[in-house]
Amino acid sequence: MEKKIVFSGAQPSGSLTIGNYLGAIKNWVELQDEYDCYYSIVDLHAITVPQVPKDLRSNTLKQLAIYIACGIDPEKSTLFIQSHVPAHTELTWVLNTISYMGQLSRMTQYKEKSRKSEENLNAGLFTYPVLMAADILLYQTDLVPVGEDQKQHLELARDLAIRFNNKYSETFKVPEPLIKEFGARIMSLQDPEAKMSKSDSDENGYILILDDKDTIRRKIKRAVTDSLGVIAYNDEQLGIKNLLDMYSVFSGESIEEIVNRYEGKGYGILKEDLAEVVIEGLSPIQRKYDELSKNKDYLEKIYKSGAEKAEYQAMKTLRKVYRKVGFIPR
Ligand code: AMP
Ligand code: TRP
């Protein structure tokens, strides 16, 4: 029997955070044996916000090394750079023509990002979710492992697949999201009501996968908590809740076990221990990354063969789409 298909990606718009790791990449790793997985570095998405070209280039390669260091095995999964497969932009155009302005303008991420960039709001931010739908639909994807913030975009991808299928006949598989109960929404260490984000202007808000031990200890020590002084898991104590979430997903222990163990103890102890748990979880990744980042030839080989494999699958779907909408084959 053919394996089911998984697709996911992350933007090379900075260095990846432990939010990216716990909400997405860690789950990608777990799917590799059971599914046929495509994991992309979505550079086309990244340019919807201003990028310094040379940084974008180095972040893209760095991100490939991080994927592999986190445990994505290029022998099992297809790793590729989005802009290397032109079918992504080509399908986006077709999907744009069946996307409703109203629906796109209701996307939370668009609303947030457009609020931040008052002047010269670019059209790429508006059609960003359509490009994401194209990414997913090109591979006849069954399952899309993402963090909570991408749920609405996934809904749109499903809507577009169904709309196209109804208009032209069965063409796309309708994908399902995979959003885990814990780790799907890691919050900023400085503001537990905001998502941890690599584009945060306050670097104390996030922990990077590549942060060194002292930085991790310092950032967790400074994490905003509350004045209740009780270690409990609830929505009145979002800071502590976030620390417990990170603890649980990194250590594999349940929240209950952790809360019981820290009963009657202070926040300081919890933070110190959490820092060590995070360091222990990231150390093997960082060691692997250091090795890989020296080996540019190897990385080049991976993304080149990844692009070939991805393109082969993507073109099958794109040809079908072009035929159905009435384009004459070349
Ligand atoms: P991005 O960095 O925005 O391209 O996101 C890549 C993946 O990481 C997506 O699946 C996001 O949902 C996930 N992600 C990003 N930030 C977080 C976070 N703070 N907590 C959990 N998942 C996240
Ligand atoms: N938009 C996603 C994010 O910012 C990244 C992304 C692009 C993606 N294309 C995708 C995720 C396809 C899953 C599937 O997090």
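Anything mentioned here points back to the structure above.
Residues numbered from 1 in each chain as written. Chains lettered and ligands numbered in written order. Predicted model: local features only at pLDDT ≥ 70, side-chain atom pairs only at ≥ 80, totals over all residues. Heavy atoms only, no water.

## Remarks on the site of ligand 2
Here is step 1: Taken together, 13 residues sit near ligand 2, with Gln11, Tyr128, Met132, Asp135 and Gln150 positioned nearest.
Here is step 2: Asp135 has a polar side-chain atom sitting 2.6 Å from a nitrogen atom of ligand 2.
Here is step 3: Note that an oxygen atom of ligand 2 is positioned 3.2 Å from one of the side-chain N or O atoms of Gln150.
Here is step 4: Its free accessible area being 370 Å², ligand 2 has 92% of it covered by the protein chains.
Here is step 5: Of all the secondary structure elements, the ones that give two or more residues to the shell around ligand 2 are strand S1 (5-10) and helix H7 (123-138). (Near = heavy atom within 4 Å. Polar contact = N/O pair within 3.5 Å; in protein donor to acceptor, adjacent residues only side chain to side chain. Areas by Shrake-Rupley, 256 points an atom, 1.4 Å probe, with all protein chains shown as cover. Helix = DSSP H or I, 4+ residues; strand = E, 2+ residues; numbered from the N terminus.)

## Section: a positive patch on the surface
Here is step 1: On the surface, Arg106, Lys111, Arg115 and Lys116 cluster together into a patch of positive charge.
Here is step 2: Its relative accessible area of 70% is what places Lys116 among the exposed residues. (Patch = residues over 30% accessible without salt bridge, like charges linked within 9 Å, V, L, I, M, F, W, Y side chains within 5 Å. Salt bridge = Lys/Arg side-chain N within 4 Å of Asp/Glu carboxyl O. Lys, Arg positive; Asp, Glu negative; His and termini not counted. Charge placed at Lys NZ, Arg CZ, Asp CG, Glu CD. Buried < 20%, exposed > 50% of the residue type's maximum accessible area, 1.4 Å probe, protein only.)

## Things to note about the site of ligand 1
Here is step 1: Gln11, Gly147, Asp149, Ile186 and Lys198 are the nearest of the 18 residues found near ligand 1.
Here is step 2: One nitrogen or oxygen atom from the main chain of Gly19 is found 3.2 Å from a nitrogen atom belonging to ligand 1.
Here is step 3: Measuring from an oxygen atom of ligand 1, one finds a side-chain N or O atom of Asn20 at 2.9 Å.
Here is step 4: When the free accessible area of ligand 1 is taken as 480 Å², the share hidden by the protein chains comes to 93%.
Here is step 5: The set of elements that each furnish at least two residues to the shell around ligand 1 consists of S1 and helix H1 (18-31).

## Structural notes on helix H3 (residues 53-69)
Here is step 1: With 17 residues, H3 should cover 24 Å at 1.5 Å per step; its first-to-last C-alpha distance of 24 Å lies within 8% of that length.
Here is step 2: Those residues of H3 that fall on the buried side of the exposure criterion are Leu56, Asn59, Thr60, Gln63, Leu64, Ala65, Ile66, Tyr67, Ile68 and Ala69.
Here is step 3: Downstream of H3 by one or two residues, Gly71 has phi in the positive range, about 120 degrees. (Expected span 1.5 Å × (residues − 1).)

## Things to note about the packing of helix H4 (residues 87-96) against H7
Here is step 1: Relative orientation of the contacting elements H4 and H7 amounts to 120 degrees, with a least axis distance of 8 Å. For the pair H4 and H7, the sense of crossing is right-handed. Seen from H4, the contacting residues are Ala87, His88, Leu91, Thr92, Leu95 and Asn96; seen from H7, they are Thr127, Val130, Leu131, Ala133, Ala134, Asp135, Leu137 and Leu138.
Here is step 2: Class assignment for the residues of the contact of H4 with H7 results in 9 nonpolar, 4 polar and 1 charged. (Axes fitted to C-alpha atoms, helices over the stretch in contact; angles between N-to-C directions. Left-handed = near helix turned anticlockwise from the far one by under 90°. Contact = heavy atoms within 4.5 Å. Nonpolar A, V, L, I, M, F, W, Y, C, P; charged D, E, K, R; others polar.)

## A closer look at the environment of Gly19
Here is step 1: Tracing the backbone through its elements, the reader meets Gly19 in helix H1.
Here is step 2: Exposure remark for Gly19: the relative accessible area of 17% places this residue in the buried category.
Here is step 3: Separated by 159 residues in the primary sequence, Gly19 and Leu178 place their C-alpha atoms 16 Å from one another.
Here is step 4: Those residues in contact with Gly19, other than ones at most four positions away along the chain, are Ala24, Ile186 and Met196.

## Some points on the side chain of Ser15
Here is step 1: Tracing the backbone through its elements, the reader meets Ser15 in the loop between S1 and H1.
Here is step 2: Judged by its relative accessible area of 12%, Ser15 is buried.
Here is step 3: What Ser15 contacts, discounting residues up to four positions off in sequence, is Lys62, Ile66, Lys198, Leu208 and Leu210.

## Some thoughts on the pattern of salt bridges
Here is step 1: On inspection of all chains with the given rule, the structure shows 13 salt bridges.
Here is step 2: For the salt bridge of Arg158 with Glu176, the shortest nitrogen-to-oxygen distance reads 3.4 Å. Taken as a pair, Arg158 in helix H8 (residues 151-168) and Glu176 in strand S5 (residues 176-178) lie far apart in primary sequence, 18 residues in all.
Here is step 3: We classify Glu176 as partly exposed; its relative accessible area is 41%.
Here is step 4: Within the structure, one salt-bridge network assembled from shared partners comprises Lys26, Glu30 and Lys180.

## Concerning the pairing of strand S2 (residues 36-41)
Here is step 1: A large share of S2 lies buried, amounting to 5 of its 6 residues.
Here is step 2: Note that S1 and S2 share 6 bridges and pair parallel. Among the inter-strand pairings, Ser8 is bridged to a residue of S2, identified as Tyr39. (Pairing = 2+ DSSP bridges.)

## Comments concerning the packing of aromatic side chains
Here is step 1: In this structure the tally under the stated criterion is 13 aromatic pairs.
Here is step 2: Judged by centre distance (4.7 Å) and plane angle (5 degrees), the rings of Trp28 and Tyr39 are stacked. Highlighted residues: Trp28 in helix H1 and Tyr39 in strand S2, separated in sequence by 11 residues.
Here is step 3: A relative accessible area of 0% means that Tyr39 is categorised as buried.
Here is step 4: The structure contains a cluster of three or more aromatic residues connected by ring pairs, namely Phe7, Tyr38, Phe80 and Tyr139.
Here is step 5: The side chain of Lys265 reaches across the aromatic face of Tyr262, ending 5.6 Å from its centre. (Phe/Tyr/Trp six-rings, centres within 6.5 Å; stacked < 30°, edge-to-face > 60°. Lys NZ or Arg CZ within 6 Å of the ring centre and 35° of its normal.)

## Some words on the environment of Asp245
Here is step 1: Its location among the elements puts Asp245 in helix H10 (residues 238-251).
Here is step 2: By relative accessible area, which is 10% here, Asp245 ends up buried.
Here is step 3: When the C-alpha positions of Asp245 and Leu22 are compared, they lie 9.7 Å apart, and in sequence the two are 223 residues distant.
Here is step 4: In this view, Asp245 contacts Phe182, Tyr233 and Ile255; residues no more than four positions away in its chain are not counted.

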